[in-house]
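# Residue-level structure breakdown
Residues per chain are reported as follows:
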Amino acid sequence: MKGVSAVKRRRTSVTRRTSWSTRRSYLRTRGTTVGTTINVERLVESVIDDAVSSLGLDILGLTRQEYVEMLKPIIEGIASSYSRPSKEAILARLKATADRVYMMASAYLLEKKEKMTEEQLEFAVLYGGPVLCRHVQRIYNQLKVYGRDDLIGQLRLSWERYCNPTPIPCPRCGFRALTPDLVCMVCGYEANENEIKKAIDFEQKIREFVEMYDRASVEEAIERGYVLVGETIKPPSAKREPYDIELRLSKNEKELMRRLLSEKRVG
């Protein structure tokens with residue numbers, strides 16, 4: 001019995017030593033991940049001036065407090081990936097991800113500045129990417145005020161790439177932003193059907209329509225007096241897409257359809 005008790009005591013002692021050793025190891029590991037508190041405010045203050053200068057953000061002409069407000073979330077996000085972030089490491093990461101920093105800076109400008117300076121506006125257009133979509137009408141109007149037609153082309157490219165372009169371009173501004181009620185989402189222009197027909201070469205669209213569809217579909221369009229125009233031209237009974245536009249057929253356009261249909265049948 002004494003032998004058994006001695007073995008139990010030794011096992012208990014070993015278990016305690018092992019448990020404490022494991023716990024000390026855990027505490028050391030935990031201390032490196034959460035035990036070190038990063039003073040974000042101090043870190044931002046130490047980095048902000050060099051960050052603004054090295055990234056060329058001083059061209060935006062903001063106050064120091066505005067730069068702090070703009071860059072603090074980015075710096076805080078970078079710092080969270082280090083146990084002991086240094087100023088040099090933060091600056092290096094900012095430079096390495098400059099495109100993302102510029103996009104977030106553009107978002108800040110668009111959210112905070114109802115009316116931007118010409119430099120701020122140019123920066124936002126060049127680097128905003130997808131963040132431009134919600135503000136494109138305001139940006140377009142301000143570009144017109146500044147006479148920056150050179151940047152409107154860039155804004156149009158961003159609209160096509162990142163936003164929600166419609167099939168039909170606006171006759172006035174050229175953005176593919178015309179809604180079914182014929183109003184442009186970018187410049188606000190209310191177009192008429194003749195302008196749209198001219199912009200999309202409607203006569204050629206009619207020729208494509210007659211060539212593509214059967215006789216019944218063409219006769220339906222002639223009878224009902226309109227077609228649907230979106231990515232393609234379709235008969236009235238076709239499935240409508242959200243941005244399809246109804247274009248009414250003139251007398252001459254109906255006659256063109258009949259002639260093309262007759263030629264198609266003869267051929």
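The sections below set out a description of the structure shown in this document. Predicted model only: the values in this text are computed from it and were never measured.

Right, let's get into helix α3 (residues 64–79). By the largest-angle criterion, L71 marks the main kink of α3, which is about 45 degrees, and a proline, P73, follows within four residues. Looking at α3, one finds that the buried residues are E66, Y67, V68, M70, L71, I74, I75, I78 and A79. Against α2 (40–54), α4 (87–96) and α5 (98–112) lie the buried residues of α3.

The biggest cluster of nonpolar side chains holds 74 residues, and the ones touching the most others in it are L57, L71, L94 and M257. The element contributing the most residues to this core is α3, with eight residues.

Let us look at the packing of α5 against helix α6 (residues 118–127). Interhelical geometry of α5 versus α6 gives an angle of 130 degrees and a closest axis separation of 9 Å. Relative to α6, α5 is oriented oblique. When the axes of α5 and α6 are compared, the crossing they make is left-handed. Residue-level inspection shows Y102, M103, A105, S106, L109 and L110 of α5 in contact with α6, the latter providing Q120, F123, A124 and Y127. Per-class residue counts for the contact of α5 with α6 are eight nonpolar, two polar and no charged.

Let us look at the side chain of T166. Along the chain, T166 turns up in the loop between α8 (149–162) and α9 (193–200). Engagement of the side chain of T166 in a polar contact is seen with the backbone nitrogen of L178, the distance being 2.9 Å. T166 has contacts with R176, A177, L178, M185 and Y243, leaving out every residue within four places of it along the chain.

In this section: the state of the cysteines. Tallied over the full model, the rule gives one disulfide. Put simply, C133 and C163 are joined by a disulfide, and their sulfur atoms are 2.1 Å apart. Between C133 and C163, the S-S torsion sits near -90 degrees, and that sign places the bridge as left-handed. On the criterion of sequence distance, the pair formed by C133 in the loop between α6 and α7 (136–146) and C163 in the loop between α8 and α9 is long-range, its members being 30 residues apart. What makes C133 partly exposed here is its relative accessible area of 22%. With no disulfide of its own, C173 lies closest to C184 among cysteine sulfurs, the gap being 3.6 Å.

This part is about unusual backbone geometry. Unlike most non-glycine residues, L182 shows phi in positive territory, near 70 degrees. Assignment of secondary structure puts L182 in the loop between α8 and α9. Overall, the relative accessible area of 12% leaves L182 in the buried class.

Taken N-terminus to C-terminus, the directions of α2 and α4 make an angle of 40 degrees; their axes are 10 Å apart at the nearest point. Of the possible angle classes, the one that applies to α2 and α4 is oblique. Considering the relative orientation of α2 and α4, their crossing is right-handed. For the pair α2 and α4, the contacting residues are L43, S46, V47, D50, A51 and S54 in the first and K87, I90, L91, L94 and K95 in the second. Here the contact of α2 with α4 is built from residues that sort into six nonpolar, two polar and three charged.

Conventions and cut-offs
- Residues numbered from 1 in each chain as written.
- Predicted model: local features only at pLDDT ≥ 70, side-chain atom pairs only at ≥ 80, totals over all residues.
- Heavy atoms only, no water.
- Bend = angle between axes of the 7 residues up to and from the residue.
- Helix = DSSP H or I, 4+ residues; strand = E, 2+ residues; numbered from the N terminus.
- Buried < 20%, exposed > 50% of the residue type's maximum accessible area, 1.4 Å probe, protein only.
- Contact = heavy atoms within 4.5 Å.
- Core = buried A, V, L, I, M, F, W, Y, C linked by side-chain atoms within 4.5 Å.
- Axes fitted to C-alpha atoms, helices over the stretch in contact; angles between N-to-C directions.
- Parallel < 35°, antiparallel > 145°, perpendicular 65-115°, else oblique.
- Left-handed = near helix turned anticlockwise from the far one by under 90°.
- Nonpolar A, V, L, I, M, F, W, Y, C, P; charged D, E, K, R; others polar.
- Polar contact = N/O pair within 3.5 Å; in protein donor to acceptor, adjacent residues only side chain to side chain.
- Disulfide = S-S within 2.5 Å.

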